[in-house]
Amino acid sequence: MAVEGCARVIKFAVFFFNLIFWILGIAILGIGIWVRTTKGDYATLTSSIPMASAANLFIAVGIIVMIVGFIGCLGAWKESQCLLMTFFILLLLIFILELTAGILGYLYRGKVETEVKKDLIKELDNYGKSGQEGLTSTWDRLQTNEQCCGVNNYTDWNTWNDTRLPDSCCVEHSPDCGEDMSDLSKFHQTGCAMKLEALLGDNLYLIGGVGVAIAVIQLLGMVFSLFLCCEVRKSGKYV
């Protein structure tokens, strides 16, 4: 016997909620792929706090949300207690994990600046060395794309070479432009540590914002799915 009255309204509410949840999963997955393809290579320079970790988190969460949303949609449409309870338990587990991750992220937020600078200084000395082509290319992309030079500023490159700077430090990039040190104003003045900290901070805010949105939707989903599950039980349908 199918649910009727108010329970029927809740049934369709749960179904459309999970449809939105599934679409949200696709959006999160897309954000993760975008972050990984555009900023993920900076992970080479920040091994302690890799840029790719945020992207991987988004990709994983997006896939999980899509799967959970599908289970919720199917459970609501089929009026299945088993699927609805599975959906409820999965949402509860995800909510607990999100809450734990949020608390840990808040507690360790001050570690970002220290670790970024430490990693960049360590990798600075490997620039241009044999076998470090990938790292060298990443440094060049970072300095070109983010318009920065060195860790704190261009003087950090003195430990690498005190007679020139990498060409990627030049404001107007051209072959061997880093060899001319007569006019230092032609080089980027901002250090890359500050730029990376801003990028990591933006990712954390993005993760936090998406997490809050998901948490609100999850709470509503848990309430509605539990109510629908109870109504299905009352109706005598035990699929």
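Reading guide: rules and limits
Residues numbered from 1 in each chain as written. Predicted model: local features only at pLDDT ≥ 70, side-chain atom pairs only at ≥ 80, totals over all residues. Heavy atoms only, no water. Helix = DSSP H or I, 4+ residues; strand = E, 2+ residues; numbered from the N terminus. Buried < 20%, exposed > 50% of the residue type's maximum accessible area, 1.4 Å probe, protein only. Areas by Shrake-Rupley, 256 points an atom, 1.4 Å probe, with all protein chains shown as cover. Disulfide = S-S within 2.5 Å. Salt bridge = Lys/Arg side-chain N within 4 Å of Asp/Glu carboxyl O. Expected span 1.5 Å × (residues − 1). Arc of directions from axis to C-beta. Core = buried A, V, L, I, M, F, W, Y, C linked by side-chain atoms within 4.5 Å. Phe/Tyr/Trp six-rings, centres within 6.5 Å; stacked < 30°, edge-to-face > 60°. Polar contact = N/O pair within 3.5 Å; in protein donor to acceptor, adjacent residues only side chain to side chain. Patch = residues over 30% accessible without salt bridge, like charges linked within 9 Å, V, L, I, M, F, W, Y side chains within 5 Å.

Student: What am I meant to see in the overall build of the chain here?
Tutor: Within the chain, the regular secondary structure consists of six helices and zero strands. Put simply, the chain runs from its N terminus to its C terminus through helices and strands in the order α-α-α-α-α-α. When each of the 239 residues of the chain is scored for burial, the buried share is 40%. Carbon and sulfur atoms make up 67% of the accessible area of the chain, which totals about 12,700 Å².

Student: Please explain the state of the cysteines as it appears in this structure.
Tutor: Put plainly, a disulfide is one covalent bond tying together the sulfur atoms of two cysteines. In total, this model carries three disulfides according to the counting rule given. A sulfur-sulfur separation of 2.1 Å characterises the disulfide bridge that pairs Cys148 with Cys192. Across the S-S bond linking Cys148 and Cys192, the dihedral sits near 95°, which makes this disulfide right-handed. Here Cys148, found in the loop between α5 (133-145) and α6 (192-235), pairs with Cys192, found in helix α6; they are 44 residues apart in sequence, far enough to count as distant.

Student: What am I meant to see in the pattern of salt bridges here?
Tutor: Where charged atoms of side chains with opposite charge meet at close range, the side chains can pair. By the definition in use, this model includes three salt bridges. In this structure, Arg164 engages Asp167 in a salt bridge whose closest nitrogen and oxygen atoms are separated by 2.7 Å. Side by side, Arg164 and Asp167 carry an identical accessibility label, which is buried. Its salt-bridge partner being Glu179, residue Arg164 comes within 3.3 Å of it at the nearest N-O pair. In this pair, Arg164 sits in the loop between α5 and α6 while Glu179 sits in the loop between α5 and α6, placing the two residues 15 residues apart along the sequence. The exposure class of Arg164 is buried, given its relative accessible area of 16%.

Student: How should I be thinking about α5 in this particular structure?
Tutor: Because each turn of an α-helix spans 3.6 residues, side chains separated by three or four positions in sequence point in the same direction. Its 13 residues give α5 an end-to-end C-alpha distance of 18 Å, which sits within 8% of 18 Å, the value for a rise of 1.5 Å per residue. Regarding α5, the residues found buried are Leu135, Thr136, Thr138, Trp139, Leu142 and Gln143. Here the buried residues of α5 occupy an arc of 160° about the axis, which is enough to place them on one side. Gln147 sits one or two residues past α5 and shows a positive phi near 55°.

Student: How should I be thinking about the nonpolar core in this particular structure?
Tutor: Where a protein is soluble and globular, its nonpolar side chains tend to be buried together. The biggest cluster of nonpolar side chains holds 22 residues, and the ones touching the most others in it are Leu120, Trp139 and Trp157. Every element with two or more residues in this core is listed here: α4 (111-124), α5 and α6. At five residues, α6 tops the list of elements feeding residues into this core. By size, the runner-up hydrophobic cluster in this structure holds 14 residues, among which are Phe21, Ile28, Val65 and Leu91.

Student: I'm lost on the packing of aromatic side chains in this one. Help?
Tutor: The geometry of two aromatic rings is summed up by the distance between their centres and the angle between their planes. Considering all chains together, one arrives at eight aromatic pairs under this definition. Aromatic side chains Phe12 and Trp77 sit 6.3 Å apart centroid to centroid with 75° between the ring planes, which places their arrangement in the edge-to-face category. Within this pair, whereas Phe12 is found in helix α1 (residues 6-39), its partner Trp77 is found in helix α2 (residues 51-78), the two being separated by 65 residues in sequence. Among the residues examined, Phe12 registers a relative accessible area of 28% and is labelled partly exposed. Seen in terms of ring centroids, Tyr127 and Trp160 are 5.1 Å apart; in terms of plane orientation they differ by 90°. Their pairing is edge-to-face. A residue pair is termed long-range when its members are at least 10 positions apart, and Tyr127 in the loop between α4 and α5 and Trp160 in the loop between α5 and α6 qualify at 33 residues. Note on Trp160: relative accessible area 27%, which makes it partly exposed.

Student: Even after reading the chapter, I still don't get the side chain of Thr138, so can you show me in this structure?
Tutor: Mapped onto the elements of the fold, Thr138 is located in helix α5. A polar contact is formed between the side chain of Thr138 and the backbone oxygen of Gly134, at a distance of 2.9 Å.

Student: I keep staring at a nonpolar patch on the surface and nothing clicks. Help me out?
Tutor: Residues Phe16, Leu19, Trp22, Ile23, Ile26, Phe70 and Leu74 make up a contiguous nonpolar surface patch of roughly 630 Å² in combined accessible area. Looking at the nonpolar patch, the element that brings in the most residues is α1, giving five residues. We classify Phe16 as partly exposed; its relative accessible area is 46%.

Student: When you look at unusual backbone geometry in this model, what are you seeing that I'm missing?
Tutor: Although it is not a glycine, Gln147 sits at a positive phi angle of roughly 55°. Here Gln147 lies in the loop between α5 and α6. Taking relative accessible area as the criterion, Gln147 reaches 51% and is therefore assigned exposed.

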